[in-house]
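# Analysis of the macromolecular model
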Amino acid sequence: MGKLKIAIQGVPGSFHHQVALANFGEETDILPFNTFELVAKSVSTGEADFAIMAIENSIAGAILPNYELIDRYELTIRDEFYLPIAHQLMALPGQKIEDIREVRSHPMAILQCKAFFAQYPEIQLKDDVDTAAIAQQIAAGNLTGVGAIASRIAAEIYSLEIIAKDIQTVKSNFTRFIILQKAQVTHDFTPNKASIKVTIQNIKGGLAKLLTLMSENGLDLSKIQSIPVIQKPWEYAFFMDTVFEDYDLFLQTMKEISERFGEVKIFGEYQSRK
Ligand SMILES: O=C(O)C(=O)C[C@]1(C(=O)O)C=C[C@@H](O)C=C1
C-alpha cells in the first residue's frame with residue numbers, strides 16, 4: 001500500500017502541517033494547497049485520502065466558509081484536533097521591529113494578533129495564503145522591511161529571526177482542526193460527539209423547541225453557528241456540534257428532529273478531543 005495522502009492548506013511549518021504530523025506521523029505524502037476550497041476538492045475527487053482543515057480559533061472565532069465547503073463537497077468529519085497556537089513575528093536576521101513596514105500572514109493569524117499590532121500603527125498588515133509561506137518568501141526573496149506572523153517551527157525551517165515572541169492577544173490560544181475524508185466513517189468506537197446541520201423550517205419558536213429537545217435528550221450543545229441558505233434569502237441553517245453519552249439516544253434524537261423540525265445532515269460522528 002502506498003503512503004497516505006494528506007491535503008493541507010499551507011507549506012511545511014504551517015499550523016496545518018503540524019496537525020498533519022501529529023495525527024498521521026511523518027510517513028505520509030503531504031499535498032499542500034493555497035486555499036481551503038482546493039483542500040476540500042482534493043478529498044472529494046480522491047486525490048487526497050484525508051484533509052486537515054482549521055474550523056475555529058479561540059480568539060478569532062469560526063472560519064465560516066469552511067462549514068459551507070464541508071457541506072458542498074459532501075465531506076465527512078472523522079476526528080478533531082485542538083492545537084495550541086503561539087504566533088511569532090519574524091524577519092530576516094538582523095532586522096529590528098523599527099525596520100518592518102509590512103507584515104503578511106494568514107488572515108486568521110492576523111486576527112489573533114490585532115492587539116499587538118495596535119501598538120505599531122505604521123506597520124501595514126496584509127492577508128496572504130498561509131503563515132509559513134510568507135516566512136519562506138521572505139527567506140527566498142531576501143525581503144527586508146517585511147515580517148511574517150508564523151510558528152516557531154517556521155522560523156527555524158526558513159532561518160528567520162524572531163523579533164517579537166508570542167504576540168497572540170492572549171497566551172492561551174487554540175485552533176480547532178477537523179480531519180476530513182470522503183466516505184462515511186466506519187468506527188470501531190462509540191462516538192460521543194457529532195457535527196450536524198439542521199435546516200429548520202420557519203416555525204414560531206422552532207429553534208428554542210429544537211434546543212430544548214436536544215437538552216432533554218442529553219445532547220450538550222458545544223457550538224452553534226447559523227449560515228445563510230443561499231437559495232432562500234434571509235433563511236438560515238444551523239451547524240451544531242453536540243457532545244453526548246448515549247449514542248443510541250443521539251441517533252433517535254436526530255430522527256425526531258428530522259421529523260419535527262426540518263432536514264438533518266450529519267457531517268461526522270467522532271470522539272471529543274477536548
Ligand atoms: O497559516 C497557517 O499556518 C495555517 O495553518 C492556517 C491557520 C487557520 O486557518 O486558522 C491555522 C491556525 C491558526 O489559527 C492560523 C492560521
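Just so you know, these numbers come straight off a predicted model, no measurement behind them.

This part covers the overall build of the protein. Across its full length, the protein holds nine helices and 15 strands. Since a compact globule built from 274 residues should have a radius of gyration of about 19 Å, the 21 Å found for the protein is in line with a globular shape. Each principal axis of the C-alpha distribution contributes one length, and for the protein these read about 65 × 50 × 35 Å. Burial analysis of the protein (274 residues in total) assigns 49% to the buried set. For the protein, restricting intrachain contacts to residue pairs at least 6 apart in sequence, the fraction spanning at least 24 positions comes to 75%. Of the roughly 13400 Å² of accessible surface on the protein, a fraction of 52% belongs to carbon and sulfur atoms. The positive charge centre, built from 26 side chains, and the negative charge centre, built from 34, are 4 Å apart in the protein.

Inspection of the region around the ligand gives 15 residues, with His16, Gln112, Asp130, Thr131 and Thr175 positioned closest. At a separation of 2.9 Å, an oxygen atom of the ligand approaches a polar side-chain atom of Gln112. Between the ligand and the protein, one listed contact pairs an oxygen atom with a side-chain N or O atom of Thr131 at 2.5 Å. Here the ligand loses 100% of its free accessible area of 360 Å² to cover by the protein chains. Of all the secondary structure elements, the ones that give two or more residues to the shell around the ligand are helix H1 (15-24) and strand E11 (174-181). Classifying every residue of the shell around the ligand by side-chain character gives seven nonpolar, seven polar and one charged. When residues of the shell around the ligand are assigned to domains, at least three fall in each of domain 1 (4-85 + 174-181) and domain 2 (88-164).

Here we come to the nonpolar core. Core analysis: the biggest nonpolar cluster contains 39 residues, and Ile52, Met53, Ile70, Leu75, Phe177, Ile178 and Leu180 have the highest contact counts within it. For this core, the leading source of residues is strand E3 (residues 50-57), giving six residues. Within the second largest apolar cluster, 17 residues are counted, among which are Met214, Leu219, Phe244 and Phe261.

This part takes up helix H6 (residues 131-141). Regarding H6, the residues found buried are Thr131, Ala132, Ala133, Ile134, Ala135 and Ile138. Where H6 is buried, its residues touch H1, strand E6 (88-91), strand E7 (102-105), helix H4 (107-111), strand E9 (146-150) and helix H7 (152-157). A side-chain oxygen of the first residue of H6 lies 3.1 Å from the backbone nitrogen of Ala133; this N-cap is Asp130.

The next thing to look at is the packing of helix H8 (residues 206-216) against helix H9 (residues 247-260). One can describe the packing of H8 onto H9 by two numbers: an axis separation of 11 Å at closest approach and a directional angle of 165 degrees. Overall, the two elements H8 and H9 adopt an arrangement that is roughly antiparallel. Handedness of the crossing formed by H8 with H9: right-handed. Where H8 approaches H9, its residues Leu210, Leu213 and Met214 are matched on the opposing element by Thr253, Glu256, Ile257 and Arg260. Split by residue class, the contact of H8 with H9 holds four nonpolar, one polar and two charged.

Taken as a whole, the protein is organised into domain 1 (4-85 + 174-181), domain 2 (88-164) and domain 3 (193-268). The C-alpha-based centres of domain 1 and domain 3 are spaced at 24 Å. Contact residues are listed per partner, giving 13 residues for domain 1 and 12 residues for domain 3. Between domain 1 and domain 3 the total buried area reaches about 1000 Å² when both faces are included, carbon and sulfur atoms providing 51% of it. Contact with domain 3 buries area across many residues of domain 1, yet Tyr67, Asp71 and Ile77 alone supply 48% of it, more than any other trio. At the junction of domain 1 with domain 3, the criterion picks out six salt bridges. Of the charged contacts in the structure, one is a salt bridge between Lys265 and Asp71, with a shortest N-O distance of 2.6 Å. Summed over the shared surface of domain 1 and domain 3, the number is seven residue pairs in polar contact (both at pLDDT 80 or more). Broken down by secondary-structure element, the contributors of at least two residues to the side of domain 1 that touches domain 3 are helix H3 (64-72) and strand E5 (76-84). Taken together, the residues of the side of domain 1 that touches domain 3 sort by class into seven nonpolar, one polar and five charged.

Burial analysis of E9 places five of its five residues in the buried class, the great majority of the element. Judged by which residues are buried, E9 turns out to be covered on both faces: Val146, Ala148 and Ala150 on one side and Gly147 and Ile149 on the other are all buried. Relative to E9, E6 is paired through three bridges, and the arrangement is antiparallel. Paired with Gln88 across the bridge in E9 is Ala150. Sheet topology note: the E7/E9 ladder contains three bridges and is parallel. The residue bridging Arg104 from the neighbouring strand is Ala148, located in E9.

Procedures and definitions
- Residues numbered from 1 in each chain as written.
- Predicted model: local features only at pLDDT ≥ 70, side-chain atom pairs only at ≥ 80, totals over all residues.
- Heavy atoms only, no water.
- Helix = DSSP H or I, 4+ residues; strand = E, 2+ residues; numbered from the N terminus.
- Rg over C-alpha atoms; globule rule 2.2 N^0.38 Å.
- Buried < 20%, exposed > 50% of the residue type's maximum accessible area, 1.4 Å probe, protein only.
- Contact = heavy atoms within 4.5 Å.
- Areas by Shrake-Rupley, 256 points an atom, 1.4 Å probe, with all protein chains shown as cover.
- Lys, Arg positive; Asp, Glu negative; His and termini not counted.
- Charge placed at Lys NZ, Arg CZ, Asp CG, Glu CD.
- Near = heavy atom within 4 Å.
- Polar contact = N/O pair within 3.5 Å; in protein donor to acceptor, adjacent residues only side chain to side chain.
- Nonpolar A, V, L, I, M, F, W, Y, C, P; charged D, E, K, R; others polar.
- Domains from an automatic or database assignment.
- Core = buried A, V, L, I, M, F, W, Y, C linked by side-chain atoms within 4.5 Å.
- Axes fitted to C-alpha atoms, helices over the stretch in contact; angles between N-to-C directions.
- Parallel < 35°, antiparallel > 145°, perpendicular 65-115°, else oblique.
- Left-handed = near helix turned anticlockwise from the far one by under 90°.
- Buried area = accessible area lost by both parts, 1.4 Å probe.
- Salt bridge = Lys/Arg side-chain N within 4 Å of Asp/Glu carboxyl O.
- Pairing = 2+ DSSP bridges.

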